[in-house]
Structures are given as C-alpha cells and as structure tokens.
Amino acid sequence: MSPVFALVDCNNFYASCEKLFRPDLKNTPVIILSNNDGCVVARSKEAKALGIKMGIPVFKIRPQIRRYGIRMFSSNYALYADISHRVMVTLEEMAPRVEIYSIDEAFLDLTGMQSAIDLVEFGGRVRETINQWVGIAVCVGIAPTKTLAKLANHAAKRYPATKKVVDLSSRKRQRKLMALTPVEDIWGIGGRLSKRLQSMGIHNALDLADTSAKSIRQQFSVVLERTVRELNGESCIEFAQVPPTKKQIVCSRSFGSEITAYQQMGEAVCEYVTRAGEKLRKEHQQARLLTVFIHTSPHKQNKPQYSRSLSGELPLPSDDTRDLLELSMKLLKRIWREGYGYVKAGVILSDFYDVGVFQSGLFDELAMRSNSHLLMSTLDNINHSGLGRVFFARQGMRRDWAMRREYLSPAYTTHWDDLIKVR
DNA sequence: TCTGGGGTCCTAGGACCC
DNA sequence: TCTGGGGTCCTAGGACCC
C-alpha cells in the first residue's frame, strides 16, 4: 500500500507558548532568546513581519526592539516541553501512529486511511482539536513521502488560501508546488548545497526532482539522492514511531561572563557532567567515552585564542555521576591553560551500552560500585520531585559563571508557585 | 559591552592486516 | 624501466536538522 504521511507543525512554537499565558501580548511582536540571551531563536508572526531574522544577535537589533516595542523572553524550555507534550498526546489520540520529530513537529502515518476519510477534512480536525485543547495553532501537510509532506506543510504556512492544510496526494499538485518552491526551502538542503545546486542551474524543487537521481548521487551523496527520489513520490525515509536510542549526549553552555579561574571552570564542567549523567540514566544507557572541551570566544579576534577537547575512556561503561566526574576532572586538568578568558565549555558522552550488557574481562578486577543504582536513582528522584536539589560539592554554590536569563517567563505549567491566578 | 544548544548521517583518508 | 591489492576499522570534518 502506498504510504501517506502528514506533518503537523506548530506555528511560531516558542512565541506561541509564551503568548498562551499572556493574552495581553496578542498582537505584539515577541522574540525568544537563546541561552545567555544571546541570539534570537524564535519569533512571533508580528516579529517576523518586522523583518527580525532568525539567529541574529540581540545587540544588533536593539534599535528595532525599542522602536517597535518588541517583547523579549529568555528560553523557557520547561514550559515549551510541557506544551509540546500536550500537543503530542492530543495527536496520539487522533492518529494510529505518531512520530515525534522535534519539539514542535510530528509525522502521522495515515497509510490506508485515505479510502476511509477525507484527508483535508482530517487535517482540519487536527487543527481545531489542538487549538481547543492546547491553545496552539498548527499547520498540516499531507503527502506520500516525508519530504513532500514537509513541502506541503511549508505551503500551508505560506499561502492563506490553503486554510493551513495542504494535501499533496496528486502528482499534478506536487509539480505545481515544486515549481514555486526555491531549492533552499527543501528539507535536507541547507546553505552549502543550495549554492552548489544553483550554480548548476537547479533553482527550484521541480528542477531538482527532474534531475537524474544517479547523477546527483555521483556528484553529491546518497543523502541528496534520497531527497530527489522523495520529491518524485518514492518514499525513502521511513516512519519511526519509536525514537532510536541516542548515540551521544552533549551538555554545553556559554558562560554568563568569562571564566579565567580553574576553580570556576571545574564547577561548570561538573555541572554539565551531572546534567549529562541524568540524561544518560533517563536513556537507560551507560557510556564508556567522555569528552571535555573548552574554548575562548572566536568573536574576540584581538584576544588570545585557545580551544581544545580531550576524550577519555572509563574502565567500564558507567552511568554513575561519580565515575563521570572523576574522569572529567582528569581530562580538564590536562587541557586547561592559564591566562585565557574562556566563554564556553561542554561535555560529550558516547560509546553507549545498555545497562548490564557490557562484557567485562574474565579477570577484570574493576567491580562496579555496588550502591550505584540506588544512589543515582535516589538523587534523580529528589531532583525531579520539585522539593529541593541535591548536588555534588564540586558543582559550586556561587556559580557566578551561570548563564544570563534576564527575561525568563514564569514556569506556568510546571511549578505550583507560578500557576496562573484568575481573580 | 553583547554572537545558542543538541543532535544525526555520510565520506574521505589513514592505519592496519593479510 | 617495473615496487600489490583488498578489506576493515576508526576518526575528523562536512553537511544537515530543529
């Protein structure tokens, strides 16, 4: 049976989440800032209309912010994750199979349903339900491949006449839309590829679809070949209801202010290691490889630059924060250089094993810590309970390097004290 | 003054082996 | 004159996504 995919994508997701609890900001331009309040990572439709670009550093648009009364918010991931969950649960009630693709997007597998229901009508129902139950606006694109469903969704957002639902089941409609879609708007084609394609005379999606898949593979890669096939209605990217287990876990942050002292860098790295350990246990994995990296600001070319990373292997795969901390401090000691102003550090865990699967050598003297599981799950439980936080002394108390979040909205949905009050 | 964070996949090239 | 060839594994780097 030929597959049918629907892509449901929330409109201006982070901005919509912030506006959900602030009806007073209904027609106000709103922007969401990256960690450290550095760049713009999301915009409401009003902010987009003012020409505020994605990823631009905030300091470059201060004049516009003042002139147009743009409201700023620091990223509030606890809030966005909670709203996202509500959207996804709603989708799971409406469709037989759902693949959560990102915080604000999901693919639905509608294969086999096309004979029983009107796909456009179904898309409209999804929109209405999410709007009523969660209060978030979404667009729906429907097509026989994921790449075309992305394209359909793009069109639903862009052309008001579509009423925010586009069904690209017919080849004729696919070709018509592809002719209108610039090559850089295709899923999987970024800045580099689109430049190369343009120079070959391939300007829109239809141009690309009509290029032979074989020659694309020779000149580019199998990835782009797949895109060409998908544009021609041949489904190459499978539906994945169960998310694959992670292959690496990264925890890194820019600092609120430069770090010059080893003590502080140690605190920061410990903090990131602890975070990474929590994520690792949530995945039910143990890691054998740990990488630590630190670097100065590449934007300050007049100051001395230093950037280094170092990986180390644990004697046995582990998910015990104490093991991870010990190794990370050894690695940090080796890459630390005095005399630089560091702006960022991070930790990467990789080489994962399922808990209990790793085969240790017959004469391996290194026994795993016997109380590890109990201690770690107790720690995780306390820290998730909302009653308080337990942490390792090395993480530090003062944290004067912590990131800036000057414009943070309240945790409306995840913290009792921040619950919205109706008088 | 001020420039995010967290992921994936693919490929080329080197090391090493037989 | 003329100096193998093929396979595997690993890593770094490039490209993409949200």
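To start, this report covers the structure provided alongside it.

Rules used throughout
- Residues numbered from 1 in each chain as written.
- Chains lettered and ligands numbered in written order.
- Predicted model: local features only at pLDDT ≥ 70, side-chain atom pairs only at ≥ 80, totals over all residues.
- Heavy atoms only, no water.
- Salt bridge = Lys/Arg side-chain N within 4 Å of Asp/Glu carboxyl O.
- Helix = DSSP H or I, 4+ residues; strand = E, 2+ residues; numbered from the N terminus.
- Buried < 20%, exposed > 50% of the residue type's maximum accessible area, 1.4 Å probe, protein only.
- Expected span 1.5 Å × (residues − 1).
- Contact = heavy atoms within 4.5 Å.
- Polar contact = N/O pair within 3.5 Å; in protein donor to acceptor, adjacent residues only side chain to side chain.
- Pairing = 2+ DSSP bridges.
- Axes fitted to C-alpha atoms, helices over the stretch in contact; angles between N-to-C directions.

1. Some remarks on the pattern of salt bridges
A pair can form between side chains of opposite charge whenever their charged atoms are brought close.
And step 1. Tallied over the full model, the rule gives 22 salt bridges.
And step 2. Lys246 serves as the salt-bridge partner of Glu283, at 3.9 Å between the closest nitrogen and oxygen. On the criterion of sequence distance, the pair formed by Glu283 in the loop between helix H12 (262–282) and strand E10 (285–296) and Lys246 in the loop between helix H11 (222–231) and strand E9 (248–259) is long-range, its members being 37 residues apart.
And step 3. Classification of Glu283 by relative accessible area gives partly exposed; the value is 24%.

2. Comments concerning helix H5 (residues 119–133)
And step 1. Given a rise of 1.5 Å per residue, 15 residues ought to cover 21 Å, and the 21 Å separating the end C-alpha atoms of H5 matches this to within 8%.
And step 2. Residues Leu119, Phe122, Gly123, Gly124, Val126, Thr129 and Ile130 constitute the buried set of H5.
And step 3. Buried residues along H5 sit in contact with strand E1 (5–10), helix H4 (77–94), strand E6 (105–109), strand E7 (138–143) and strand E8 (165–167).
And step 4. The backbone nitrogen of Val120 lies 3.0 Å from a side-chain oxygen of the residue at the head of H5, namely Asp118.
And step 5. Taken from the residues just after H5, Gly135 is the one with a positive phi, measuring 90 degrees.

3. Comments concerning the sheet that holds E10
And step 1. With antiparallel pairing, four strands are arranged side by side in an open sheet as E9-E12-E10-E11. Looking at the sheet topology across the chains shown, the edges are occupied by E9 and strand E11 (307–318). For this sheet, the mean inter-axis angle between neighbouring strands, taken without regard to orientation, is 15 degrees.
And step 2. Note: E9 against strand E12 (residues 342–354), eight bridges, orientation antiparallel. Counted as the bridge partner of Ile259 is Tyr342 from E12.
And step 3. Running over the sheet, helix H13 (residues 321–335) touches E10, E11 and E12 and is turned about 150 degrees from E11.

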